[in-house]
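# Coordinate analysis (summary)
Residues per chain are reported as follows:
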Amino acid sequence: MSNSFLPLLFLLPTCHALLNIRSLLETTYTDRSGNNVTLSDLSGKYLGLYFGASWCPDCQAYTPKLVKVYNQIHEADNWQVIWVTRDRVEEAADSYFTHMPWIRLQWAEKDTRGVAMFQLTQQKFIPAVTMVDPEYNVINPEANVEIVTHPKKFPWTKEEENSYEF
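Residues numbered from 1 in each chain as written. Predicted model: local features only at pLDDT ≥ 70, side-chain atom pairs only at ≥ 80, totals over all residues. Heavy atoms only, no water.

The secondary structure content of the chain amounts to five helices and seven strands. In the chain, the succession of helices and strands from N to C terminus is α-β-β-β-α-β-α-β-α-β-β-α. Across the 166 residues that make up the chain, the buried fraction comes to 46%. When the accessible surface of the chain is summed, it comes to about 9,000 Å², and 52% of that surface belongs to carbon and sulfur atoms. (Helix = DSSP H or I, 4+ residues; strand = E, 2+ residues; numbered from the N terminus. Buried < 20%, exposed > 50% of the residue type's maximum accessible area, 1.4 Å probe, protein only. Areas by Shrake-Rupley, 256 points an atom, 1.4 Å probe, with all protein chains shown as cover.)

Spelled out as structure tokens, the structure:
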């Protein structure tokens, strides 16, 4: 292989992640009032992909903390959280979502798009928050602790920025 192609090889994981994340995000979400929200409605915003479930005790403890931070900074800092449920029962997810001020991935997509998002961002446990910048780059795949312990450090970019290979 020619050495002139080597720099292009380093771009492949980044391009692959960008295409996959953007394509996974390209769907219709729902807010608490039942209104549809599209990816174009979220243009220019930082996104927090929040993976959680109503049955998870750690999620039950984390969600109110995330709500508090979200309510303090989401408008000023141009941030939107997208809840990606890991619930098994739709009614439980619907009930749990009433405590959240952000948008959610629709139930019908949780086992397809939701699972793909969870896997692509290399999550293993919940609760988990992955931060995505307005250009659809993952800037922190594990932001949940930083969000609640250092809310003023928005957008919680990891030191190793651009080192994520998805």
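More follows now that the structure is in view.
Before going further, it helps to spend a moment on the sheet that holds strand 2 (residues 36-38). The sheet built from seven strands is open, its strands ordered 2-1-5-4-3-6-7 with mixed pairing. One side of each edge strand has no neighbouring strand; the edge strands of this open sheet are strand 2 and strand 7 (138-140). Shown here is a sheet whose adjacent strand axes are inclined to one another by a mean of 40°, direction ignored. Where strand 1 (residues 28-30) and strand 2 come together, three bridges link them in antiparallel fashion. In the strand pairing of strand 2, Thr28 is matched with Thr38. Against the sheet, helix 4 (residues 110-120) makes contact with strand 1, strand 3 (46-52), strand 4 (79-85) and strand 5 (103-105), and its axis sits at roughly 105° relative to strand 5, the strand it touches most. (Pairing = 2+ DSSP bridges. Axes fitted to C-alpha atoms, helices over the stretch in contact; angles between N-to-C directions. Contact = heavy atoms within 4.5 Å.)

Under the criterion given, the structure shown has 11 aromatic pairs. Considering the side-chain rings of Phe51 and Phe118, the 5.3 Å spacing of their centres and the 75° angle between planes classify their relative orientation as edge-to-face. Taken together, the residues span a long stretch of sequence, with Phe51 in strand 3 and Phe118 in helix 4 at a distance of 67 residues. Using a relative accessible area of 8% as the deciding quantity, one classes Phe118 as buried. Where Trp79 meets Trp156, the ring centres are 5.0 Å apart and the plane angle is 65°; that geometry is what we call edge-to-face. Here Trp156 lies in the segment after helix 5 (144-149) and Trp79 lies in strand 4, a separation of 77 residues in the sequence. Grouped by ring-pair contacts, the aromatic residues Tyr46, Tyr50, Tyr62, Tyr70, Trp79, Trp102, Phe154 and Trp156 constitute a single cluster. Seen from the ring of Trp55, Arg88 lies directly overhead, with NZ or CZ sitting 4.4 Å from the centre. Against the face of Trp107 rests Lys110, its NZ or CZ located 4.9 Å from the ring centre. (Phe/Tyr/Trp six-rings, centres within 6.5 Å; stacked < 30°, edge-to-face > 60°. Lys NZ or Arg CZ within 6 Å of the ring centre and 35° of its normal.)

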